[in-house]
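Geometric and topological summary
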Amino acid sequence: MYAVIETGGKQYRVETGDVIDVERSVEPDDGRVRFERVLMVSDGEEVTVGSPLVEGAEVHATLVDEVRGPKIKVFKKKRRKGYKVTRGHRQELFRVKIDAIET
């Protein structure tokens, strides 16, 4: 069984037992995370696609760790003006383990 969830503006295909990194836009409740924006659910034989969401479907996960994503460099330049700016960014992420997919 797998599901496609949406969180932080991104979509993830998850199965029970998967460990994924999601943006910190979700709020963990005592180490538990609930994803209510489920776009699709499949049980191996039947596929249920929502329009836009599957009614009554939820994905439950457990917070494993708080991590930071890879460092990226942001470089801006305007040619012939002498303007150059380099900045960096690292996204704050939650590492979660998918516990259950409920339909």
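These remarks concern the structure in this document. Keep in mind that this is a model prediction, so the values were computed, not measured. (Residues numbered from 1 in each chain as written. Predicted model: local features only at pLDDT ≥ 70, side-chain atom pairs only at ≥ 80, totals over all residues. Heavy atoms only, no water.)

1. Looking at the packing of aromatic side chains
Quick note on the threshold: To pair, rings of Phe, Tyr and Trp, with the six-membered ring standing in for Trp, must have centres within 6.5 Å; the planes then decide the type, stacked if under 30 degrees apart, edge-to-face if over 60, and tilted in the middle. Any Lys NZ or Arg CZ found within 6 Å of a ring centre and within 35 degrees of that ring's normal is scored as a charge over the ring.
Considering all chains together, one arrives at zero aromatic pairs under this definition. Of note, Arg-13 hangs over the ring of Tyr-2, and the distance from its end group to the ring centre comes to 3.9 Å. Stacked on the ring of Tyr-83, the Lys or Arg Lys-78 has its end atom at 5.4 Å from the ring centre.

2. Describing the environment of Arg-32
Spelled out, the test is: Helix numbering and strand numbering both begin at the N terminus, where a helix is a DSSP run of H or I of at least 4 residues and a strand a DSSP run of E of at least 2. Any two residues having at least one pair of non-hydrogen atoms within 4.5 Å are treated as being in contact. Under this definition, polar contacts are N or O atom pairs within 3.5 Å; protein pairs additionally need one hydrogen-donor-capable and one acceptor-capable atom, and for neighbouring residues in sequence, both atoms have to be side-chain atoms.
Its location among the elements puts Arg-32 in strand β4 (residues 32-35). Those residues in contact with Arg-32 that sit more than four places away from it in its chain are Glu-27, Ala-61, Thr-62 and Asp-99. A distance of 3.1 Å separates the side chain of Arg-32 from the side chain of Thr-62, its partner in a polar contact.

3. Considering the sheet that holds strand β7 (residues 58-68)
Pairing between sheet strands relies on hydrogen bonds along the backbone, with the strands arranged either parallel or antiparallel. Defined as follows: What makes two strands pair is DSSP finding at least two bridges between them. Only the stretch in contact is used when a helix axis is fitted, and all axes are lines through C-alpha atoms; the angle between N-to-C directions ranges over 0 to 180 degrees.
Taken together, the four strands give an open sheet; going across it, the order is β3-β10-β7-β4, and neighbouring strands pair in antiparallel fashion. Two strands in the sheet have a free side with no partner beyond their single neighbour: β3 (19-23) and β4. Between one strand axis and the next, the sheet turns by 45 degrees as a mean value, whatever way the strands run. Inspection of the sheet shows β4 paired to β7 by four bridges, in the antiparallel sense. The residue of β7 that forms the bridge with Val-33 is Ala-61.

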